[in-house]
Each structure stands twice: as C-alpha cells, then as structure tokens.
Amino acid sequence: MSSPAQSSPAQSRFPSDFLWGAATSSHQIEGDRSGRSGNIWDSFSRVPGAVVNGDHADVACDHLWLMERDVQIMSDLGLQAYRLSISWPRILADGTLSSRSPLGIGQYHRLFELLLAAGIEPVPTLFHWDLPQALEARGGFRNRDCAWWFADYAGLMAQEFGDVITRWATLNEPWCHAYLGHASGEHAPGMSDPQAAVAVAHHQLLGHGLALTAMRAERPETLQLGVVVNPAPVHGDAAIDPDLIRRIDGTLNRWFLDPVLLGRYPADVLDDMGPWASCVQPGDEEIIGQRLDWLGINYYNDHFFTIPETGTTGPERTPHITAPSARPTLPARPTLPARPTLPVTGIGWPITPEGFAAFLRRMVIDYGDALVPLYITENGAAYDDPMIDGRIDDTRRMEYYDAHLRALLSSIGDGVPVRGYFAWSLFDNFEWAHGFGQRFGIVHVDFDTLARTPRASAGWYHDLIATSVIPELTAS
Ligand code: IFM
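Cut-offs and rules
- Residues numbered from 1 in each chain as written.
- Predicted model: local features only at pLDDT ≥ 70, side-chain atom pairs only at ≥ 80, totals over all residues.
- Heavy atoms only, no water.
- Helix = DSSP H or I, 4+ residues; strand = E, 2+ residues; numbered from the N terminus.
- Buried < 20%, exposed > 50% of the residue type's maximum accessible area, 1.4 Å probe, protein only.
- Axes fitted to C-alpha atoms, helices over the stretch in contact; angles between N-to-C directions.
- Parallel < 35°, antiparallel > 145°, perpendicular 65-115°, else oblique.
- Left-handed = near helix turned anticlockwise from the far one by under 90°.
- Contact = heavy atoms within 4.5 Å.
- Near = heavy atom within 4 Å.
- Polar contact = N/O pair within 3.5 Å; in protein donor to acceptor, adjacent residues only side chain to side chain.
- Areas by Shrake-Rupley, 256 points an atom, 1.4 Å probe, with all protein chains shown as cover.
- Nonpolar A, V, L, I, M, F, W, Y, C, P; charged D, E, K, R; others polar.
- Salt bridge = Lys/Arg side-chain N within 4 Å of Asp/Glu carboxyl O.
- Core = buried A, V, L, I, M, F, W, Y, C linked by side-chain atoms within 4.5 Å.

Trainee: Give me unusual backbone geometry: which residues, what numbers.
Mentor: The amide bond that connects Ala 188 to the next residue, Pro 189, takes the cis arrangement and shows omega of 5°. Mapping Pro 189 onto the fold places it in the loop between helix 8 (174-182) and helix 9 (194-218). The peptide bond linking Trp 424 to Ser 425 adopts the cis configuration, its omega dihedral lying at 10°. Relative to the assigned elements, Ser 425 resides in the loop between strand 12 (418-424) and strand 13 (443-445). Residues other than glycine seldom take positive phi values, yet Trp 129 does so here, at roughly 80°. For Trp 129, the position within the fold is in the loop between strand 3 (121-127) and helix 6 (133-136). Assessed through its relative accessible area of 4%, Trp 129 is described here as buried. Its identity as a non-glycine residue notwithstanding, Ser 468 has a phi of 65°, on the positive side. Relative to the helices and strands, Ser 468 is located in the segment after helix 15 (456-467).

What follows is the structure in structure tokens.
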C-alpha cells in the first residue's frame, strides 16, 4: 500500500485544546465475572450460535485485575482522556438502588484514582449494553419503568463519583441495543420484535433525559453531560425506493438526534411507526430534550442498502447494521450489499471517510444553533495483522485512522464544532457477536496469556497526541 500524499503540518494540525483519548467498554474488557451479577450478554453468549466460537466475556482482558498495568499503558501512550463504561450490574446487583455492591463501587474508585493520578481524564458512559439480567427479567428497556431504574443508577453515580469526574455520557449507541438487540436479534437479548425495538429506543432516550435530571440534582454546578449515538449516512442502490432510505435514515439517525437536540421526535418517523409510537407519552420529549452539554458521535462507515435477492438472507449476508423498518407494513427487511467497489476493513465494513465528513457537515446544516460541542467518541477499524518478532505492523489501521482524521480536520475547518476524538479501541476485546475474533485494538491482547502488546498504530497515535499533527505514513 502506498503512502497518501504528503501534507504540510499546518494541513494536518488539530487545535491545541483538542482532547485526545481512547475508548473501551465494561463488558468488552473487564472480566471478573465473579465480582458482579449477571447481565444480558452473559446469558446471550450461552445461546448456541449467538456468538462466534461460543466466546463469552467472563475473563476478556481481565482489566479489573490488571488495571494498574493498563493505566500505565494509557500513560505511556500519552492519553489525555479515557472513555470507559461502568457496568450497571457491578454497581447494582439487581439493577435497582436496593442492591448496591460496595465491591463494584470500590473497583471504580480505584480505577478513577489511578487514572487521575496519571493525569488521564476518565469519561464514563453509564450504559454500554450490559443490562443487568435481573432487569431483563422485568422486561428490560421494553418496560417503561426501566427509564427510572436507569435514572436512579445515574444519580447514584453522580453522587459517588461526581466530585472527581466531570464529563459523563448516559447511553452508548442506543440504536444498537434497541434494533440489534430486539429486532434483528444479533445482540442480546436476541429478540426479533421490531415493535419492542421501538419501545426500547424510546425508553432508553427517556432514561437518558431522566438521568440528566437525576445527575444534575446531585451535582448542579459541575457536570458536563452527554449521550453517545452512532449516526451515519444511508445510501440505497437503484433497487431501493428512496422513501425506504428516508425511513432508515429516520430510524437510525433522526430518531436519536432530533429529540436530544431539538426536543421532539421527527414527525415523519412517528408517522411511519404508527401505533408502535404509542410508547411516547405526553411530556416525554421535553424530558429527553433538556439541556445537553455535549454529544458523542461514534462513526465507522456509511450504510448501504439493497433489497436482498431471494435465498440470500442467510447468516453470511447478515450485516453488522440492519435497519428493520419500524413500519408494521414494510414487507422486506433491507440488508447490506457487498459493495465490491469499496475497500473494506478486516471485519468487512466499507471504508468511507468522506461519509464521515459529510455527516458532520450535515449536523451543522440540520441542527444549526441547537448543535452542541461534538466529540468523536469511537472510530477505528478491525484488522488482525500478525505479530512478527514481537512487533505488529498494522499499517492498514493507521491508514484508516489517517483518512478519518483528515476528514475530521476538514469538517472542523468548515466550522463543525468537534472538540475531541477517542480511538476505538484501546485494547482488543470481546467484539459482541463476533467474539474475540475481530480485533479493534491499538494494543494487541493475547487472550491466552493476557499479554498486552502495543501495535505500530499505538506509537503513531502517541505521536499524534504529542504533536497535534497527524503523523505522515510511510510506504510499506
Ligand atoms: O465494539 C463496538 C462498541 O462496543 C460499540 N461501537 C462499535 C464497536 C465496534 O463494533
């Protein structure tokens, strides 16, 4: 692969106050299964065929036992911030306030102390899909009450840690938990009920709004509260009715962005959903739309749709992202076509940095003055390059980062208010239904020995953080 065109430092320089970090999530790295109660991914991982290779995250990176070593790795990288998630069932065994776990609360105190001592800002997310199993038994986010259980937990976290942690996210990618978890069934809890997915999408957002209130009640002055979503441009080929693209864009993007930024769901999407939207009750949108301090954007790739040919909807064609339409009358589920003209990462996702920049510009056009400071809370690529003599040359990952960071820089130049970037992921980890086979880390993890080995991309990212200038890639 040849190197991209050389650019001057001025063309590749980020603002000096730009925040640089890396991200992980609790279930994907923590391990220490015996130190917490069960969550829906523990159960889903035991369903035959649900996770590649039957993998589960009982140990994963064993991060909670190796946190000193891991914080040292972050410090060596020069990270300014570390986005992690808190495991709800590690804090509250049955998900509610009556079941506090001093052990779990203490583990996060220790982690935050280590991070702060190393000069790294912890940026926790409260719900990154690992719902307590005890709450799933009560209907999970299908049950409207779950929004209040979530807010109770959020308030407790602000009370417990709000003196040392300022920046928080409520949810991570609520679209995924709603639609992959309850419509396509690829994620826990593995349901195929699009109406339930709509309710879960709404109740998570309601929980987000209630959490903002609960957290601000604990710490009215200091907290900077946000939510993390995963929007993307949506494209259809010639076989697709443009109205279907409008509906997919509505369900994936506008359903989440409009209420948190504008305080209302998009009217056309509510209309598409018909009776399924009855989960939205009077007053809910106002709760969801209260002040937001920042918005996290996770971006990996644009989404491409076609109507599947008969007989080609088997697992091998199941996309990472599907958008089952919420409209009860929609006959066919769209699927992601292979796009032979686009390069793809190791996991098979198209590489579309121009779509990243286009979506960021769209945010300014669509939301104008309602837009809040943005952080890219995840971006990265899965590749599994071999270790040779202790070194992993992951040039393709660096090229992916390089292309997306240049796209990001151009959108900042166009006035998009992006204030920081978190690489996904700091470590190889449990990649949900893909198990441990897909590796996103800038740090390699040997899941037999738990040894950590920074890849070449980690050194490249270190240089970027140290200089605020995207390092030139050399030809390989
Ligand atoms: O690993 C996930 C993460 O948990 C949420 N965003 C996408 C990543 C890659 O699939």
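Alright, that's what it looks like, and here's the rest.
Trainee: Would you mind going over the packing of helix 9 against helix 10 (residues 242-262) in detail, with residue names and values included?
Mentor: Between helix 9 and helix 10, the shortest axis-to-axis distance is 11 Å and the interhelical angle comes to 25°. Comparing their axes, helix 10 and helix 9 come out roughly parallel. As helix 9 runs across helix 10, the sense of the crossing is right-handed. Seen from helix 9, the contacting residues are Ala 201, His 202, Leu 205 and His 208; seen from helix 10, they are Trp 255, Phe 256, Pro 259 and Val 260.

Trainee: Kindly report on the side chain of Asn 253, identifying the contributing residues and their values.
Mentor: Inspection of the secondary structure puts Asn 253 in helix 10. Residue Asn 253 is classed as buried on the basis of its relative accessible area of 0%.

Trainee: Any chance you could break down the site of the ligand for me, citing the residues and the numbers?
Mentor: The environment of the ligand is formed by Gln 28, His 128, Trp 129, Asn 172, Glu 173, Tyr 300, Trp 349, Glu 378, Trp 424, Glu 431, Trp 432 and Phe 440. Within the side chain of Glu 431, one N or O atom sits 2.5 Å away from an oxygen atom of the ligand. Taking 280 Å² as the accessible area of the ligand by itself, protein coverage stands at 98%. Among the residues forming the shell around the ligand, the class breakdown is six nonpolar, three polar and three charged.

Trainee: So what's going on with the packing of helix 8 against helix 9? Which residues, and what values?
Mentor: Contact geometry of helix 8 with helix 9 gives a least axis separation of 8 Å together with a crossing angle of 160°. With respect to each other, helix 8 and helix 9 are oriented roughly antiparallel. Once helix 8 is placed against helix 9, the crossing between them reads as right-handed. The segment helix 8 lies against helix 9, with Pro 174, His 177, Ala 178, Tyr 179 and His 182 engaging Pro 194, Ala 196, Ala 197, Val 198, Val 200, Ala 201 and Gln 204. The class makeup of the residues in the contact of helix 8 with helix 9 is nine nonpolar, three polar and no charged.

Trainee: Give a description of the pattern of salt bridges that names residues and reports values.
Mentor: Applying the stated rule across the entire model yields 29 salt bridges. For Arg 83, the salt bridge identified is with Glu 378, shortest N-O distance 3.0 Å. Of the two residues, Arg 83 is situated in strand 2 (residues 81-85) and Glu 378 in strand 9 (residues 374-378); the sequence distance between them amounts to 295 residues. Each member of the pair, Arg 83 together with Glu 378, is buried. The shortest N-O distance in the salt bridge between Asp 293 and Arg 216 comes to 3.2 Å. On the criterion of sequence distance, the pair formed by Asp 293 in the loop between helix 12 (284-288) and strand 7 (294-298) and Arg 216 in helix 9 is long-range, its members being 77 residues apart. There is no split in this pair, since Asp 293 and Arg 216 are both buried. One connected set of salt bridges, linked through shared partners, spans Asp 243, Arg 246, Arg 247, Asp 249, Arg 254, Asp 268, Asp 272, Arg 362 and Asp 366.

Trainee: Hey, could you go over the nonpolar core for me, with residue numbers and the actual values?
Mentor: Soluble, globular proteins show a tendency: their nonpolar side chains are buried together. Ranked by size, the top nonpolar core spans 133 residues in total, and within it Trp 88, Leu 295 and Leu 408 carry the most contacts. Discounting residues that sit within four places of it in the chain, Leu 295 has contacts with Val 227, Val 229, Leu 257, Val 260, Leu 261, Met 363, Val 372, Pro 373, Leu 374 and Tyr 375. In terms of nonpolar packing, the next biggest core, distinct from the first, is built from 19 residues, Val 123, Ala 169, Val 228 and Trp 294 among them.

Without other data, these values stay purely geometric and don't point to any function.
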